[in-house]
Structure formats: structure tokens, C-alpha cells
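# Breakdown of the fold
The lines below spell out each chain.
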Amino acid sequence: AQSVSQHNHHVILSEAASLELGCNYSYGGTVNLFWYVQYPGQHLQLLLKYFSGDPLVKGIKGFEAEFIKSKFSFNLRKPSVQWSDTAEYFCAVNSLNDMRFGAGTRLTVKP
Amino acid sequence: GAVVSQHPSRVICKSGTSVKIECRSLDFQATTMFWYRQFPKQSLMLMATSNEGSKATYEQGVEKDKFLINHASLTLSTLTVTSAHPEDSSFYICSGTEGLSSTDTQYFGPGTRLTVL
């Protein structure tokens, strides 16, 4: 079955540390890739998405993600996190209108 | 960004009763709406996709007679959990897109926590 894996369940960082959250998927064909963020008490919001073109995608709030087709990965990165980045991050993959989400990674940034 | 609301935000009901959850797009026309279910510490599971004026398309394993979805207008979709049981307790989230494809940006509602006693 097609699946999306987020290997880190909970990540704790200090402010200014660099962030990389892993996302791997098992789809074999053409995929569209998303990262969503859910801040405490708020609804899911789109952080960035990849459909085609440059595999390095830049999103809001300084986040970026790189699509590596050979590794079936779409890892999320940020060079320097802030306390306000504390949230839950979800990777999602869409292939032929089959949309699946990863289990989410909770990021806690200590001030 | 576009705003989607859900009502109620929390609901507690007795086993055997039915519960209706509303999902509204406040500032855009949601041609397509999606209903998800989320268990604690697990991913969002797509339950069904509905296009305005059409019957919903349910994912495999989702009972369409139990989870009734109506998408009567471009701004409103409802999910009715019929004859709810404790195992239906979960967090239900809706999203809407302006287009017909799930590759369109989805705008999510805040979710509804259902507890069935």
C-alpha cells in the first residue's frame, strides 16, 4: 500500500538551531508533495508544495523542502528555527488524486 | 489565505445517536471538499471527497451509510455520523479547494472533536 513516513515523531530544538524533518513516500509514479503546518490551537496551513520544476521549493516563513526523486524523499528544512515555529508538521503526497498524509512531527523550539 | 470553519468544534453524544458536523468555506467557493479523520498521534485519513451537487466518493473501508456527506452548496458540506458508537470518537477535519483536484491547495477547517459515550 502507498504510504507516507515521517520518521521523527517529536523534535526538540533550541532557537537558532537548524531543522530538517524527514518525509519519505512509497508512490512509484508522478507525485505532488506538500508540507502543512499546524500551530497550537490553529488549523492546518499549507507551508509549501512541489508539483514540478526546481526540486528545491521555498515556502513561507523561511522554510524550504527538497524533492529527491531517487530517494523518494521530500525533507523540510529551515536554517534557523524560532520559538514561533513550535507546531506540528505534516508531509502529504498526492498521486492520481490519492492524497495521503504522514503521521506528523511535533516540533518544540525552546527559547 | 482562505478560511474554512467547522461547527461544532467539540461534541459529546450518546451511543446510537447521530451527529452532524458542518464545514463552511467563508471567503471562497469550495468546488471540492474533503473529510478527514485523525486518531491521536496518527496521520489524517481521507474519508471522502465531495464535489458540489454530486455524491461523495468514499475511500475504501469507509462506510458511506454511516458517514453521510452532503455538499449542497459551494460553501457548505456536512458530515453526519449516524448511529454513532464509541469507536467513532475521533477528530474530524474538513478541507476545501476551489478546483476539482486534490492537488489544488486545500484550506483546512479547525476540526471537530467527537466523543461518543
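Residues numbered from 1 in each chain as written. Chains lettered and ligands numbered in written order. Predicted model: local features only at pLDDT ≥ 70, side-chain atom pairs only at ≥ 80, totals over all residues. Heavy atoms only, no water.

## Some points on the overall build of chain B
Tallying secondary structure elements over chain B gives zero helices and 11 strands in all. Reading chain B from its N end, one meets helices and strands in the order β-β-β-β-β-β-β-β-β-β-β. Here the C-alpha atoms of chain B give a radius of gyration of 13 Å, agreeing with the 13 Å that 2.2 N^0.38 yields for 117 residues. Evaluated residue by residue, chain B yields a buried proportion of 49% over its 117 residues. Element-wise, carbon and sulfur atoms account for 51% of the exposed surface of chain B, whose accessible area totals about 5700 Å². Put simply, chain B has 10 plus and 10 minus side-chain charges, and the middle of one group is 10 Å from the middle of the other. (Helix = DSSP H or I, 4+ residues; strand = E, 2+ residues; numbered from the N terminus. Rg over C-alpha atoms; globule rule 2.2 N^0.38 Å. Buried < 20%, exposed > 50% of the residue type's maximum accessible area, 1.4 Å probe, protein only. Areas by Shrake-Rupley, 256 points an atom, 1.4 Å probe, with all protein chains shown as cover. Lys, Arg positive; Asp, Glu negative; His and termini not counted. Charge placed at Lys NZ, Arg CZ, Asp CG, Glu CD.)

## A closer look at the interface of chain B and chain A
Contacts between the two partners involve 15 residues from chain B, matched on the other side by 16 residues from chain A. Carbon and sulfur atoms make up 56% of the surface buried where chain B meets chain A, a total of about 1500 Å² over both sides. Put simply, chain B and chain A have zero salt bridges between them. Counting every contact that joins chain B to chain A gives one residue pair in polar contact (both at pLDDT 80 or more). Taken together, the elements giving at least two residues each to the side of chain B that touches chain A come down to β4 (32-38) and β5 (44-51) of chain B. A per-class count over the side of chain B that touches chain A returns five nonpolar, nine polar and one charged. (Contact = heavy atoms within 4.5 Å. Buried area = accessible area lost by both parts, 1.4 Å probe. Salt bridge = Lys/Arg side-chain N within 4 Å of Asp/Glu carboxyl O. Polar contact = N/O pair within 3.5 Å; in protein donor to acceptor, adjacent residues only side chain to side chain. Nonpolar A, V, L, I, M, F, W, Y, C, P; charged D, E, K, R; others polar.)

## Remarks on the environment of P79(A)
All names here are of chain A. Note that P79 resides in the loop between β9 (73-78) and β10 (87-95). We classify P79 as exposed; its relative accessible area is 62%. Expressed as a C-alpha distance, the spacing of P79 and A16, which sit 63 residues apart in the sequence, is 7.7 Å. If we ignore the near neighbours within four places in the chain, the residues touching P79 are A16, A17, S18 and G62.

## Looking at the sheet that holds strand β3 (residues 19-25) of chain B
All names here are of chain B. Strands sit in the order β1-β3-β8-β7 across an open sheet of four strands; the sheet is antiparallel. Taken across any chain shown, the strands that pair with only one partner, and hence form the sheet edges, are β1 (4-7) and β7 (67-73). The mean inter-strand angle of the sheet, taken between neighbouring strand axes irrespective of direction, is 15°. Bridge count for β1 against β3 is four bridges, and the pairing is antiparallel. Along β3, the bridge assignment pairs H7 with E22. (Pairing = 2+ DSSP bridges. Axes fitted to C-alpha atoms, helices over the stretch in contact; angles between N-to-C directions.)

## Digging into the state of the cysteines
Residues and elements named next belong to chain A. Enumeration over the complete set of coordinates arrives at two disulfides over all chains. Between the sulfur atoms of C23 and its disulfide partner C91 the distance amounts to 1.9 Å. Where C23 bonds to C91 through sulfur, the torsion about that S-S bond is close to -65°, and the disulfide is left-handed. Of this pair, C23 sits in the loop between β3 (19-21) and β4 (24-25) while C91 sits in strand β10, and the two are 68 residues apart along the sequence. (Disulfide = S-S within 2.5 Å.)

Honestly, that's just the spatial picture; any functional story needs more than this.
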